[in-house]
Amino acid sequence: MEGENNTQISHFLLLGFSEDLELQSFLFLLFLSMYLVTVFGNLLIILASITDSHLHMPMYFFLSNLSFCDIFFTSTTVPKMLFNIQMHSKIITYEGCLAQMYFSVLFAGLGDILLTVMAYDRFVAICHPLHYTVIMNPCICTLLVLGSWFISALHSLLQSSAALQLSYCMHLEIPHFFCELNLMVQLACSDTFVNNILLYFASGLLGVAPLAGILVSYSKIVSSIRAISTAQGKYKAFSTCASHLSVVALFYCTSLGVYLTSAALHNTDSNATASVLYTLVTPMLNPFIYSLRNKEIKAALKTFFGNRAPPQPQMKGAAFGNPPKNMQTVIMVKTETFTQLQIWHSPPVSRIGHTNPGTPEFRIGTT
């Protein structure tokens, strides 16, 4: 049969999950609760990062962008899935399918790149703490986020433009709960050579390259942590990366699990179930990972709900305000582990080559 032009197609059918009515009611309540938790949790991270001045740092700026990305990534697919379950419908319009495909590719790629940017931020904070505020200045942080958006939007636009050229035959059933790019290419009855080339290129650009960047960053971080002499210093340095490392592991493990499942099993139900991991479970767990393991986030959330001042971080050495008379210079470099450089100068020199007794020494310490 000759393939119909894709402009004549009015809709697709999303097969979704089981057709059992009782099971669909359970799935509706399950996915609705997971979606609300995802939106509410990530929204709290964004509000805490904006309202609390203690979180006006590069790491939380990137984290709020990741939370924004997670909210819109889940909102691209889950509301339509909930609507179809509730209305016992499987129809999605052709335009709606293309829009869903474009935004799902956009926010999936954006989340991947943001995780790499956050890994670089942790690398600078631990390996170059004295230059952290210089390297990760507001201009650089903004450019990193805008660059992530630009790359993701360009990639999604290329994939969607190539999908627009595809033609489909009479088989318009999508064995999934949303219009996934790979499945849309497989359903086409026209030549998909260009689409497959773009898919392989995207796998290398947005899959392998960010992962390689994360691995390089953490290899440098591990080397720096091993050079710390005290166990307490090693623990504090590693604790600044624990939340991000957990999110990275969750993201790539679920993505790899979905890929291996689709490659090994040709069961559509298994593929759709596995896709729930990275489309819904991962964005839902990210706020919990960051809030439960991060004292500053927990303090900001308590302030947000309890309207009380968060505890000030205790710094060894001189307090903020007027310095003591015998101290001329104090340089503080604030990172999450509060690495600080303290330079103590002697009192006025009585004569060349001699100082008053009891002069403190030059010290570099990690608190």
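It should be emphasised that the depicted structure is a prediction, and the values quoted were computed from it without experimental measurement.

Cut-offs used in this document
- Residues numbered from 1 in each chain as written.
- Predicted model: local features only at pLDDT ≥ 70, side-chain atom pairs only at ≥ 80, totals over all residues.
- Heavy atoms only, no water.
- Core = buried A, V, L, I, M, F, W, Y, C linked by side-chain atoms within 4.5 Å.
- Buried < 20%, exposed > 50% of the residue type's maximum accessible area, 1.4 Å probe, protein only.
- Helix = DSSP H or I, 4+ residues; strand = E, 2+ residues; numbered from the N terminus.
- Contact = heavy atoms within 4.5 Å.
- Axes fitted to C-alpha atoms, helices over the stretch in contact; angles between N-to-C directions.
- Parallel < 35°, antiparallel > 145°, perpendicular 65-115°, else oblique.
- Left-handed = near helix turned anticlockwise from the far one by under 90°.
- Nonpolar A, V, L, I, M, F, W, Y, C, P; charged D, E, K, R; others polar.
- Disulfide = S-S within 2.5 Å.

Engineer: Describe the nonpolar core, with residues and values.
Structural biologist: Residues Phe17, Phe31 and Ile221 are the most contacted members of the largest nonpolar core, which totals 66 residues. Contributing elements (two or more residues each) for this core: helix 1 (21-51), helix 2 (58-87), helix 3 (94-127), helix 5 (138-164), helix 7 (193-226), helix 8 (231-264), helix 9 (268-292) and helix 10 (295-306). Broken down by element, this core gets its largest block of residues, 14 residues, from helix 3. If sequence neighbours within four positions are ignored, Phe31 has contacts with Phe17, Val78, Met81, Leu82, Ile85, Val276 and Leu280.

Engineer: So what's going on with the packing of helix 3 against helix 7? Residues and values would help.
Structural biologist: Running from N to C, helix 3 and helix 7 point in directions that differ by 20°, and their axes come no closer than 9 Å. Comparing the axis directions of helix 3 and helix 7 gives the class roughly parallel. Remark: the crossing between helix 3 and helix 7 carries left-handed chirality. Residues Gly109, Asp112, Ile113, Leu115, Thr116, Ala119, Tyr120, Arg122, Phe123, Ile126 and Cys127 of helix 3 pack against Leu206, Gly207, Pro210, Gly213, Ile214, Ser217, Tyr218, Lys220, Ile221, Ser224 and Ile225 of helix 7. A per-class count over the contact of helix 3 with helix 7 returns 13 nonpolar, six polar and three charged.

Engineer: Any chance you could break down the state of the cysteines for me, citing the residues and the numbers?
Structural biologist: Evaluation of the coordinates by the stated rule reveals two disulfides. With a sulfur-sulfur separation of 2.0 Å, Cys97 is cross-linked through a disulfide to Cys179. Given an S-S torsion of about -125°, the disulfide between Cys97 and Cys179 has left-handed geometry. In this pair, Cys97 sits in helix 3 while Cys179 sits in the loop between strand 3 (173-174) and helix 6 (181-187), placing the two residues 82 residues apart along the sequence. Cys97 sits in the buried class, given a relative accessible area of 1%. Indicated for the protein chain is the disulfide connectivity 1-3, 2-4, based on numbering the bonded cysteines in sequence order. Residue Cys127 stays outside any disulfide, its sulfur separated by 8.6 Å from that of Cys241, the closest cysteine.

Engineer: So what's going on with unusual backbone geometry? Which residues, and what values?
Structural biologist: The general pattern is negative phi for most residues beyond glycine and trans for most peptide bonds. Positive phi, close to 55°, is recorded for His88, a residue that is not glycine. Within the fold, His88 resides in the loop between helix 2 and strand 2 (91-93). Judged by its relative accessible area of 55%, His88 is exposed.

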